[in-house]
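# Breakdown of the fold
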Amino acid sequence: MDGASYRVVFEKGGVYLHTSAKKYQDPDSLIAGVIRVVEKDSDVLLHWAPVEEAGDSTQILFSKKDSSGGDSCPSEEEPTFDPGYEPDWAVISTVRPQPRHAEPTRGAEPSSPRGSWAFSVSLGELKSIRRSKPGLSWAYLVLVTQAGGSLPALHFHRGGTRALLRVLSRYLLLASSPQDSRLYLVFPHDSSALSNSFHHLQLFDQDSSNVVSRFLQDPYSTTFSSFSRVTNFFRGALQPHPEGAAPDLPPPPDDEPEPGFEVISCVELGPRPAVERAPPVTEVEWALHVGPEGRLQQVPELKNRIFSGGLSPGLRREAWKFLLGYLSWEGSAEEHKAHMRKKTDEYFRMKLQWKSVSPEQERRNSLLHGYRSLIERDVSRTDRTNKFYEGPENPGLGLLNDILLTYCMYHFDLGYVQGMSDLLSPILYVIQNEVDAFWCFCGFMELVQGNFEESQETMKRQLGQLLLLLRVLDPPLCDFLDSQDSGSLCFCFRWLLIWFKREFPFPDVLRLWEVLWTGLPGPNLHLLVACAILDMERDTLMLSGFGSNEILKHEAQSGRPGASLCGHNRNARACSVAHRGDPAFQLLM
C-alpha cells in the first residue's frame, strides 16, 4: 500500500455482491468477498474485495475522488443491475461494475475480472446506510455516498451487519431517518456535526446550535418535545464512551436474528386520557359572537368551540363560508356583500370561458375534452344515494358538473383529478348555491391541492408521517403490518386523499370536515383520525392474520372502516390519541 501505515480494525468474510437482476441468483452471479474497516494514516476506510484478492492486503484499492474534479463513480451509460427480489432496490441501490477495459485509477491492477468489483470508500464520504427488510434469508446493507451514488449492495450471508455497524459507530453518528425507519443518516463524530445533524433532521423550529447544552440541562422535556426522531446513537454522542469502546447496540429480538437489528428508541406513552366532545355550536351561540357592523368577535374562542363540538346543521351554510376562507373572519356585513358580488362576477366570467367553446373547438382541445369526459363520468356516480343527488335528471348533478369544469378554468395547472367530485359534493349539499359552493370548494382545494398533484409527493409525505405516528402509538401493530408487506400503509391512501369522504356516513363527514377546517390543534389532525381508525380496526387486522391482499381487500370491501365511529366518538378518539402522544405530535402539528 505504497508504504503507508494502516491497521485493519474489522474484518468479516461471507459478504457477497449479487450481480444479476434475477430473483434467484445463480452461482456465477454471486461474488464472495471480505469487508474490512481500515485505519490508514488519518483516514478510516471501508473496503470490500473478492475472496481471491482479500488475502493479499497489497491489493486493497483506496479509490477516492480525483483531486482534478473527476468522479470515481461510473457514468450513467454503464449497465446497472437490480437485486430483483425487493422492488424498492430499483430506486435506492444500483450495482455498477467498473469498466473492464479501463486501467485502475489507483493501486495494482486486479488479478481477475471479479477484482474489478473491489471498492474502498472513506467513512467521511458516506451520506446514508440502508438496511434490509426483516425476514429475508440474510441481511444486506446499501451505502450511499455524499455524491449521491450507491456502492454495490453488501449481502451478509453469514451475518455480521450488527458487528459492522457497531464498529462504524466508533467513527460516525448513525441517525434514523424520520421518513424511513430502514434508512440511517451518517454524520461525523463531532459536536458541530451533531448540531448540523439536528438541522438536517428538522427537529427544531429554532436554531439547534444549543441542543446539546439544553439536553444536558433538561433532558426530559427536551427529549419528549423534540427528540422523538433521534436514535440511541445520539445518546452515545452526548455521553462519550471510553477510548476504543463502542456504544452498545440494543440486542436483537429472540425470534429475529441478524436481519432484524433496530436502533430506534421507544417511549412509553402511558394510558390514553378520556376526551369528551362538547355539544355543537348553535345559531344562538353564533349570534352572540356577531358584533357591531356584523363583525365576528372572539374568533379564537369560536373556532375552539367548533373544534370541540362541531356545528348544528342549520348553521353550516353560513359558518362554512368562514371556515373555508370564502368570507373573512374580520370583515363586516357590508364588506362581505361587496366581496360576494365581486366573486359572483368572477365566477361567471370563468364559466363563460368553457361554455363558449363550440363542439368543433373542443375536438381540437384534447385537454378540455378529457376534463369534461372525466367529470361527467365521476359526477354520474357521486353520492347518488343522497336525496340531493338521486334521480336521472337531478339538477344537483348539473351543478356539480358546472362547478368542476369552472374550476378547470380557475386552476389551469391542476385541472380536474378523480376524487375532486367527492370533495365538492358535501359542500354543494350544505351551501346550495352554485357560486358560493365554488369558492368554498376552492378554499378546500387550497388545503388539499397537493393530494392531487401528479408527483404524489404530498401523499407520500403524509403516508410517511402517518407511519411515524403509528410507530410511536402502536409499535406492535406497525410490526404486524410490516410482516404482512403492508407497512407502506397504501390501504390508507384513499383516506388521506379525500379526507375520509368514503369511510364515514355522510352526516359524520360533514362534522369531521368542519372540525378539521378549524386548523386545530394543527394542520395534520387528519393523520390522527387515520390513527384512530387503525386503532379501532387493530384487533380485527391482527387477530385475523390478514396478509397484504386481505388487508387491502378488508378495508375496501368493508366500505366504511370507520362507520361504527359516530361523529362525536370518532373526533374524541382522535383527540385522545393526540393527547396521549402530544409531545411527539408537535413535530407534525
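Per an unreviewed UniProt entry, the protein carries the name TBC1 domain family member 17 and comes from Carlito syrichta. Regarding the protein, the UniProt comment filed under Subcellular location (unreviewed entry) reads as follows: "Cytoplasm".

For the structure shown, the criterion picks out 21 aromatic pairs. Considering the side-chain rings of Trp 48 and Phe 119, the 6.4 Å spacing of their centres and the 20° angle between planes classify their relative orientation as stacked. Separated by 71 residues along the polypeptide, Trp 48 in strand β3 (residues 43-50) and Phe 119 in strand β4 (residues 119-122) bring together distant segments of the chain. Residue Trp 48 is classed as buried on the basis of its relative accessible area, which comes to 0%. With centroids separated by 4.9 Å and ring planes inclined at 90°, the aromatic side chains of Phe 388 and Tyr 389 adopt a geometry described as edge-to-face. For Phe 388, a relative accessible area of 22% corresponds to the partly exposed category.

Attention now moves to helix α11 (residues 333-355). Its 23 residues give α11 an end-to-end C-alpha distance of 33 Å, which sits within 8% of 33 Å, the value for a rise of 1.5 Å per residue. Listing the buried residues of α11 in full gives His 336, Lys 343, Tyr 347, Met 350, Lys 351 and Trp 354. Packing partners of the buried residues in α11 comprise α10 (313-323), α13 (366-379), α14 (395-410) and α16 (434-448).

Right, let's talk about the sheet that holds strand β2 (residues 30-40) for a bit. Taking strand neighbours across the sheet as the criterion, the nine strands line up as β4-β3-β2-β1-β7-β6-β5-β9-β8 in an open arrangement whose pairing is antiparallel. This sheet does not close on itself; its edge strands, each paired only once, are β4 and β8 (172-176). Ignoring strand direction, the axes of neighbouring strands in this sheet form an average angle of 30°. Bridging between β2 and β3 involves eight bridges; their strand directions are antiparallel. Paired with Val 38 across the strands is Leu 45, a residue of β3.

Packing of helix α17 (residues 457-473) against helix α21 (residues 525-544) leaves a shortest axis separation of 10 Å and a crossing angle of 55°. Here α17 lies oblique to α21, going by the angle between them. Note on packing geometry: the crossing formed by α17 with α21 is right-handed. Contacts from Gln 462, Gln 465, Leu 466, Leu 469, Leu 470 and Leu 473 of α17 reach α21 at His 526, Leu 527, Leu 528, Ala 530, Cys 531 and Leu 534. Looking at side-chain class alone, the contact of α17 with α21 contains nine nonpolar, three polar and no charged residues.

Counting across every chain of the model gives 24 salt bridges. Two residues, Lys 351 and Glu 434, come together in a salt bridge whose shortest N-O distance is 2.9 Å. Of this pair, Lys 351 sits in helix α11 while Glu 434 is found in helix α16, placing the two residues 83 residues apart along the sequence. Residues Lys 351 and Glu 434 agree in their burial class; the two are buried.

With that settled, the discussion passes to the pairing of β3. Burial runs high along β3: eight of the eight residues are buried. What you see with β3 is no split at all: Asp 43, Leu 45, His 47 and Ala 49 on one side and Val 44, Leu 46, Trp 48 and Pro 50 on the other are buried throughout. The pairing of β3 with β4 spans four bridges and is classified as antiparallel. Paired with His 47 across the strands is Ser 120, a residue of β4.

In the segment running from Leu 520 into Pro 521, the intervening peptide bond is cis, with an omega of -10°. By the element assignment, Pro 521 lies in the loop between α20 (506-517) and α21. Residues other than glycine seldom take positive phi values, yet Leu 489 does so here, at roughly 60°. Examined against the element boundaries, Leu 489 turns out to sit in the loop between α18 (475-483) and α19 (493-497). Of note in the backbone geometry, Trp 499 takes a positive phi value of approximately 50° without being a glycine. Topologically, Trp 499 is positioned in the loop between α19 and α20.

Along β8, five of the five residues are buried, which leaves the element largely enclosed by surrounding structure. Bridging between β8 and strand β9 (residues 183-188) involves five bridges; their strand directions are antiparallel. Across the sheet, Ser 176 pairs through a bridge with Tyr 184, a residue of β9. Two successive antiparallel strands, β8 and β9, enclose a turn made up of six residues.

Before going further, it helps to spend a moment on α10. Taken together, the buried positions of α10 are Leu 315, Arg 316, Ala 319, Trp 320, Lys 321, Phe 322 and Leu 323. Elements in contact with the buried residues of α10: α8 (283-288), α9 (299-309), α11, α15 (420-431), α16 and α20. Taken from the residues just after α10, Gly 325 is the one with a positive phi, measuring 80°.

Here is what the cut-offs are and how they apply
- Residues numbered from 1 in each chain as written.
- Predicted model: local features only at pLDDT ≥ 70, side-chain atom pairs only at ≥ 80, totals over all residues.
- Heavy atoms only, no water.
- UniProt positions renumbered as here; feature names shortened; annotations may be inferred.
- Phe/Tyr/Trp six-rings, centres within 6.5 Å; stacked < 30°, edge-to-face > 60°.
- Helix = DSSP H or I, 4+ residues; strand = E, 2+ residues; numbered from the N terminus.
- Buried < 20%, exposed > 50% of the residue type's maximum accessible area, 1.4 Å probe, protein only.
- Expected span 1.5 Å × (residues − 1).
- Contact = heavy atoms within 4.5 Å.
- Pairing = 2+ DSSP bridges.
- Axes fitted to C-alpha atoms, helices over the stretch in contact; angles between N-to-C directions.
- Parallel < 35°, antiparallel > 145°, perpendicular 65-115°, else oblique.
- Left-handed = near helix turned anticlockwise from the far one by under 90°.
- Nonpolar A, V, L, I, M, F, W, Y, C, P; charged D, E, K, R; others polar.
- Salt bridge = Lys/Arg side-chain N within 4 Å of Asp/Glu carboxyl O.

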